[in-house]
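Close look at the chain arrangement
Here are the chains, one letter per residue:
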Amino acid sequence: MVNRTINMIIIHCAATKPDMDVGVKEITQWHKARGFFTIGYHYVIRRDGTLETGRDINLAGAHAIGYNEHSVGICLVGGIDDKGRPQNNFTDKQWATLKTLVKELVAKYKITEIIGHNQVAKKACPCFSVPAWLKNNMEKV
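Anyway, here's the lowdown on the structure attached to this text. (Residues numbered from 1 in each chain as written. Predicted model: local features only at pLDDT ≥ 70, side-chain atom pairs only at ≥ 80, totals over all residues. Heavy atoms only, no water.)

Some points on helix 2 (residues 92-109)
Test applied: Every helix listed is a DSSP run of H or I at least four residues long, and every strand listed is a run of E at least two residues long, numbered separately from the N terminus. Helix span is expected to be 1.5 Å times the residue number reduced by one. Throughout, exposure labels follow a simple rule: accessible area from a 1.4 Å probe, protein chains only, divided by the maximum for the residue type, with under 20% read as buried, over 50% as exposed, and the rest as partly exposed. Whether two residues touch is decided by their heavy atoms; if any such pair falls within 4.5 Å, the residues are in contact.
The terminal C-alpha atoms of helix 2 lie 26 Å apart, and with 18 residues this matches the ideal 26 Å at 1.5 Å per residue to within 8%. If you check which residues of helix 2 are buried, you get Gln 94, Trp 95, Thr 97, Leu 98, Lys 99, Leu 101, Val 102, Leu 105 and Tyr 109. If you follow the buried residues of helix 2, they end up packed against strand 1 (8-13), strand 2 (43-45), strand 3 (51-53), strand 4 (71-76), strand 5 (113-116) and helix 3 (130-135). Just past helix 2, the residue Lys 110 takes up positive phi, approximately 55°.

Structural data, given as structure tokens:
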């Protein structure tokens, strides 16, 4: 049983190049170096589609200022090209895992809003349009 109200999903990217296969372990190290006590995201989806659990779902995330208390943060590994520019370079396996996870979270927590980080912050993250993805039946955009 979750001890906080969750009504939103915020989708992020790790801002990593396509050849970087990182996960919860590495992102936790990055976030701790920034002063967090642990990873800010609740879930990370690796390049091969593997779903990893990050921050405990009972705890507010640290992924979108002003929205953490009532949201779940999902991070897709990837999101920039070899020159560090925003790029929608997620794998088919990542798209499939994201769709499954979002559907499960919507059903479990009665989620009313699914957005990209770029909808609440001046960032390119997650480097694709979440509204377009939702309109496309949660298929790759």
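Let's talk about unusual backbone geometry
In this structure, the amide linkage connecting Cys 125 to the following residue, Pro 126, adopts the cis form with an omega of 15°. Looking at where Pro 126 falls in the secondary structure, it is placed in the loop between strand 5 and helix 3. For Cys 127, which is not glycine, the phi torsion reads 70° and is therefore positive. A positive phi is found at Met 138, a non-glycine position, where the angle reads about 60°. Within the fold, Met 138 resides in the segment after helix 3.

Thoughts on the nonpolar core
Definition in use: The criterion is simple. A nonpolar core is a set of buried Ala, Val, Leu, Ile, Met, Phe, Trp, Tyr and Cys residues joined through side-chain atoms within 4.5 Å.
Grouped together as the largest cluster of nonpolar side chains are 25 residues, with contacts concentrated most on Ile 11, Ile 74, Leu 98, Phe 128 and Trp 133. The residues contacting Ile 11, other than those within four sequence positions of it, are Ile 74, Leu 76, Leu 98, Ile 114, Ile 115, Gly 116, His 117, Pro 126, Phe 128, Val 130 and Trp 133. In terms of nonpolar packing, the next biggest core, distinct from the first, is built from nine residues, Val 24, Ile 27, Ile 39 and Cys 75 among them.

Remarks on the packing of aromatic side chains
Put simply, the test is: Paired rings are identified among Phe, Tyr and Trp, the last through its six-membered ring, by centres lying within 6.5 Å, and are further divided according to the angle between planes into stacked (under 30 degrees), edge-to-face (over 60) and tilted (the rest).
Inspection of the entire model under this criterion finds four aromatic pairs. With 4.8 Å between their ring centres and 70° between their planes, Trp 95 and Phe 128 make a pair best called edge-to-face. In this pair, Trp 95 is assigned in helix 2 and Phe 128 in the loop between strand 5 and helix 3, connecting sequence segments 33 residues apart. Like Phe 128, Trp 95 is buried. Where Phe 128 meets Trp 133, the ring centres are 6.4 Å apart and the plane angle is 75°; that geometry is what we call edge-to-face.

Description of the pattern of salt bridges
Filter applied, for reference: A pairing counts as a salt bridge when a side-chain nitrogen of Lys or Arg comes within 4 Å of a carboxyl oxygen of Asp or Glu.
Scanning the model with the defined rule gives five salt bridges in all. The salt bridge partner of Asp 92 is Lys 140, with a shortest N-O separation of 3.3 Å. In this pair, Asp 92 is assigned in helix 2 and Lys 140 in the segment after helix 3, connecting sequence segments 48 residues apart.

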